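This is what each chain is made of:
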Amino acid sequence: TNHNTNHTHQQFGATIHCVSEPETDSEAKANRILAESLPSSYHILHNFELCARAGEMAYEYDIVIVGTYCLFHVEVKGYKGCIRGDKFRWRFASNGHVFPSPIPLANKKSKIIASKLAKSDFGRRHKVPFVDTILLITDEKARIQIRWEDQLSRVLKLGSTSLLRRLTDPSQLPSTVCSDFMLTRPEQLCIIQEILGTNPIPRSPRLTQIGLYRVLEKTAQYNEQWHNVAVYLASHKYIHTRPKTILKVFQFDLYSDNRDKQLTAIFQDQEALRIIGSHPHIISSGDFFAFDSHHFVLPHEYLEYGKTLEELQE
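Residues numbered from 1 in each chain as written. Predicted model: local features only at pLDDT ≥ 70, side-chain atom pairs only at ≥ 80, totals over all residues. Heavy atoms only, no water.

## Looking at the sheet that holds strand E8 (residues 98-100)
In a beta sheet, neighbouring strands pair by backbone hydrogen bonds and run either parallel or antiparallel. If you walk across this open sheet you meet the four strands as E8-E7-E6-E10, and the pairing is mixed. Edge positions in the sheet fall to E8 and strand E10 (143-146), since each has one partner strand and no second. Sheet twist, expressed as the mean angle between neighbouring strand axes with direction ignored, is 20°. Pairing of strand E6 (residues 82-85) with E10, which is carried by four bridges, proceeds in the parallel orientation. Looking at the pairing, Ile83 lines up with Ile144 of E10. (Pairing = 2+ DSSP bridges. Helix = DSSP H or I, 4+ residues; strand = E, 2+ residues; numbered from the N terminus. Axes fitted to C-alpha atoms, helices over the stretch in contact; angles between N-to-C directions.)

## Structural notes on the environment of Ile192
Relative to the helices and strands, Ile192 is located in helix H6 (residues 185-196). With a relative accessible area of 5%, Ile192 lands in the buried category. Counting along the chain gives 75 residues from Ile192 to Phe267, while the straight-line C-alpha distance between them is 40 Å. (Buried < 20%, exposed > 50% of the residue type's maximum accessible area, 1.4 Å probe, protein only.)

## Some details on unusual backbone geometry
Positive phi outside glycine occurs at Asn47, with the angle close to 55°. Within the fold, Asn47 resides in strand E3 (residues 43-50). When its relative accessible area of 0% is taken as the criterion, Asn47 is described as buried.

## Remarks on the packing of helix H2 (residues 103-118) against H6
In the contact formed by H2 and H6, the axes pass within 10 Å of each other and the chain directions differ by 110°. In terms of axis orientation, H2 runs roughly perpendicular to H6. Across the interface between the two elements, Ile113, Lys116 and Leu117 of H2 pack against Ile191, Glu194 and Ile195 of H6. The residue makeup of the contact of H2 with H6, split by class, is four nonpolar, no polar and two charged. (Parallel < 35°, antiparallel > 145°, perpendicular 65-115°, else oblique. Contact = heavy atoms within 4.5 Å. Nonpolar A, V, L, I, M, F, W, Y, C, P; charged D, E, K, R; others polar.)

## Thoughts on helix H1 (residues 25-37)
Under the 1.5 Å per step criterion, the end-to-end length of H1 is 18 Å for 13 residues, consistent within 8% with the ideal 18 Å. The set of residues buried in H1 consists of Ser26, Glu27, Ala30, Asn31, Ile33, Leu34 and Ala35. (Expected span 1.5 Å × (residues − 1).)

## Some words on the packing of aromatic side chains
Evaluation of the coordinates by the stated rule reveals 10 aromatic pairs. Just above the ring of Trp148 sits the side chain of Lys87; from NZ or CZ to the centre is 4.3 Å. For the cation-ring pair, Lys109 lies above Tyr61, with the distance from its terminal atom to the ring centre recorded as 5.5 Å. (Phe/Tyr/Trp six-rings, centres within 6.5 Å; stacked < 30°, edge-to-face > 60°. Lys NZ or Arg CZ within 6 Å of the ring centre and 35° of its normal.)

## Some remarks on the pairing of strand E15 (residues 245-251)
For E15, the tally of buried residues reaches six of seven residues, placing the bulk of the element in the interior. Two elements, E15 and strand E17 (residues 295-301), share seven bridges in a ladder whose sense is antiparallel. What sits directly across from Phe250, in E17, is Phe296.

## Quick look at the confidence of the model for the chain
Averaged over every residue, the pLDDT of the chain is 87; residues scoring 70 or more account for 93%. Within the model, the stretch residues 1-5 combines pLDDT values under 50 with nine contacts to residues more than four positions away or in other chains. (pLDDT = per-residue confidence, 0-100.)

## Notes on a nonpolar patch on the surface
A surface patch of nonpolar side chains, about 320 Å² in accessible area, is lined by Ile276, Ile282, Ile283 and Leu303. Among the secondary structure elements, Ile282 is positioned in the loop between helix H7 (259-276) and strand E16 (289-291). Under the relative-accessibility criterion, Ile282 is labelled partly exposed at 31%. (Patch = residues over 30% accessible without salt bridge, like charges linked within 9 Å, V, L, I, M, F, W, Y side chains within 5 Å. Areas by Shrake-Rupley, 256 points an atom, 1.4 Å probe, with all protein chains shown as cover. Salt bridge = Lys/Arg side-chain N within 4 Å of Asp/Glu carboxyl O.)

## Some thoughts on H6
Between its first and last C-alpha atoms H6 spans 16 Å; for 12 residues at 1.5 Å apiece the expected length is 16 Å, and the two agree. Those residues of H6 lying buried are Glu187, Gln188, Ile191, Ile192, Ile195 and Leu196. All buried residues of H6 fall inside an arc of 155° around its axis, so they share one side. Looking at the buried side of H6, the elements it contacts are strand E2 (15-18), E3, strand E4 (59-66), strand E5 (71-77), H2 and helix H3 (121-125). (Arc of directions from axis to C-beta.)

Listed below in structure tokens is the structure:
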């Protein structure tokens, strides 16, 4: 596949716009079944990247569906077995692992698409459609038990009638969204052009290792004044008894006029922690290490059972 162009296929029902190839069997399966199930008026865009603003770290997208009444950002997960959790963290019964909920990051990526459309030529001339978030589970035997209705309603299984209804029935939209809104085909094509641009950005290969750590899941991504940050849950490649670790990856702009300010901002939290010293209510961190030419990584402990600041504030 030539990754410099957007390939369009209509082998089944919906039209598929392939920016780059699916990276996992789950992604390939999701694209195939969605294309077979959805009406011919739908468009499926898959495996590409978007930046919230120029110069910021790109966000990875598995699938975006341009329907006839709204858009759907679909995060594909090959989770297996029984998954229990709440709005903050999910526990996987098969291995006992506890991961942060993937829904907040997925919602953030949906908002980036909506914001990008609102600021585009299309947004200045037309009403911007609602962008819904779906976490798509591809294993038909998986069982999801999430104690938070807003998150549970976003988790759907591939091939289910509830998924097809969510994607094709306007009455499934939130009550605040106009259900009689319809996109014409020219408007759909304009939206696709606004999202992908004239030179679509293929999604980079999935990050599987950072230094001596195996990446388990990306849990967050955000931008600060002087740098971009991505947060990963990881396990040590060789020390198997070591607990899971959070890796905070800071992107350093090699060509910035503010290199010193960037470096100061990246290292200031670590310096502050060393001044404070150890404390039972402050997580411990390791030493920074460099990852390629423009990333610094701060490893710190991951508390599976502690409470987040948001939980404490509630």
